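Given next are the chains, with one letter for each unit.
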Amino acid sequence: KILCFSGKIIISETSKTLILLLIFALFHKIPEFLFSMVILFPIRCQIGGIHLKTYIGCLITTIAIFTTAIIILPENIRLSEFAIIGLLLLCTIICFHIGPIINPTRPKLTILQIKKCKLIACSSIICYIMLSFALQFNRFIVCGAWIIIIQTLQLIAANLITRRKKS
């Protein structure tokens, strides 16, 4: 069961990444995309979020998320250093309290695994805050901050959806 799940994920994620690379090549934003993807990976893998049932739905949503974080929001909303830090600290708290929300096809997590997921995700965001200072809040940091914020909003939405299904 785990092997099948892993194989599907590898094929799906590889093809989505190649498509995203092509899209961001058209916008001359491959470095920003790769940076944002690296930032998102440890967080998304640990705390999950919304899981769509179809590949095309997931692909379209992923394109929308990365486009919003890399192109739309940085061009239209200027965040101060203080705002970035504050929002990322809020994301850390939310991820700790809500996460993880895992794909229904993924094997259930033990209490220890849940704690480990929370620790890795929250530590990743805290390290990102420190990285923000080191890189002086440049364009990469802004894109990465937006990807974390969007991921956290997605986690909140997934939590609400999960709660509705249970009631």
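Here, the structure is the one placed above.
These numbers were taken from a predicted model, which means no experiment stands behind them.

Description of the overall build of the protein
A tally of helices and strands in the protein yields six helices and zero strands. Going residue by residue from the N terminus, the α and β elements of the protein occur as α-α-α-α-α-α. Over its C-alpha atoms the protein spans a radius of gyration of 16 Å, differing by no more than 12% from the 15 Å that the globule rule assigns to 167 residues. Over its C-alpha atoms, taken along the principal directions, the protein stretches across nearly 45 × 35 × 25 Å. Buried residues in the protein amount to 40% of all 167 residues. Across the protein, every contact between residues at least 6 apart in sequence was considered, and the portion connecting residues at least 24 apart equals 81%. Here the protein contributes 17 positively and 4 negatively charged side chains, and the mean placements of these two sets differ by 21 Å.

A word on the side chain of Ser 36
If you trace the backbone, Ser 36 turns up in helix α2 (residues 30-47). Overall, the relative accessible area of 0% leaves Ser 36 in the buried class. Excluding its chain neighbours within four sequence positions, the residues that come into contact with Ser 36 are Phe 66, Ile 70, Cys 143, Gly 144 and Ile 147.

Here's the deal with the pattern of salt bridges
Here the structure, examined in full by the defined rule, presents two salt bridges. Residue Arg 139 is joined to Glu 32 by a salt bridge in which the shortest nitrogen-to-oxygen separation is 2.6 Å. Taken together, the residues span a long stretch of sequence, with Arg 139 in helix α6 (residues 139-166) and Glu 32 in helix α2 at a distance of 107 residues.

Concerning the packing of helix α5 (residues 111-134) against α6
For the pair α5 and α6, interaxial distance at closest approach is 10 Å and the crossing angle is 160°. What the angle tells us is that α5 and α6 run roughly antiparallel. For α5 against α6, the interelement crossing comes out left-handed. Residues Ile 125, Tyr 128, Leu 131 and Ser 132 of α5 form the contact with α6, whose participating residues are Phe 140, Ile 141, Val 142, Gly 144, Ala 145 and Ile 148. Class assignment for the residues of the contact of α5 with α6 results in eight nonpolar, two polar and no charged.

Looking at a nonpolar patch on the surface
Where nonpolar side chains cluster on the molecular surface, the patch consists of Tyr 55, Ile 56 and Ile 60 and spans about 300 Å² of accessible area. Inspection of the secondary structure assignment puts Ile 60 in helix α3 (residues 55-76). With relative accessibility at 53%, the residue Ile 60 sits in the exposed group.

What about the nonpolar core?
Ranked by internal contacts, the top residues of the largest apolar core, which has 38 residues, are Phe 66, Leu 88, Tyr 128, Ile 147 and Ile 148. Breaking this core down by element, the ones donating at least two residues are α1 (2-26), α2, α3, α4 (81-98), α5 and α6. The biggest single contributor to this core is α6, with 12 residues. Each residue touching Tyr 128, except ones within four places of it in the same chain, is listed here: Phe 35, Ile 39, Leu 88, Phe 140, Ile 141, Val 142, Gly 144, Ala 145 and Ile 148.

Regarding α6
In a regular helix each residue adds 1.5 Å, so 28 residues correspond to 40 Å; α6 covers 41 Å between its end C-alpha atoms and thus fits that length. Structurally, the start of α6 carries an N-cap: the backbone nitrogen of Phe 140 is 2.9 Å from a side-chain oxygen of Asn 138.

Section: the environment of Leu 131
Tracing the chain through its elements places Leu 131 in helix α5. We classify Leu 131 as partly exposed; its relative accessible area is 29%. Sequence separation between Leu 131 and Trp 146 is 15 residues; the distance between their C-alpha atoms is 15 Å.

Cut-offs applied
- Residues numbered from 1 in each chain as written.
- Predicted model: local features only at pLDDT ≥ 70, side-chain atom pairs only at ≥ 80, totals over all residues.
- Heavy atoms only, no water.
- Helix = DSSP H or I, 4+ residues; strand = E, 2+ residues; numbered from the N terminus.
- Rg over C-alpha atoms; globule rule 2.2 N^0.38 Å.
- Buried < 20%, exposed > 50% of the residue type's maximum accessible area, 1.4 Å probe, protein only.
- Contact = heavy atoms within 4.5 Å.
- Lys, Arg positive; Asp, Glu negative; His and termini not counted.
- Charge placed at Lys NZ, Arg CZ, Asp CG, Glu CD.
- Salt bridge = Lys/Arg side-chain N within 4 Å of Asp/Glu carboxyl O.
- Axes fitted to C-alpha atoms, helices over the stretch in contact; angles between N-to-C directions.
- Parallel < 35°, antiparallel > 145°, perpendicular 65-115°, else oblique.
- Left-handed = near helix turned anticlockwise from the far one by under 90°.
- Nonpolar A, V, L, I, M, F, W, Y, C, P; charged D, E, K, R; others polar.
- Patch = residues over 30% accessible without salt bridge, like charges linked within 9 Å, V, L, I, M, F, W, Y side chains within 5 Å.
- Areas by Shrake-Rupley, 256 points an atom, 1.4 Å probe, with all protein chains shown as cover.
- Core = buried A, V, L, I, M, F, W, Y, C linked by side-chain atoms within 4.5 Å.
- Expected span 1.5 Å × (residues − 1).
- Polar contact = N/O pair within 3.5 Å; in protein donor to acceptor, adjacent residues only side chain to side chain.

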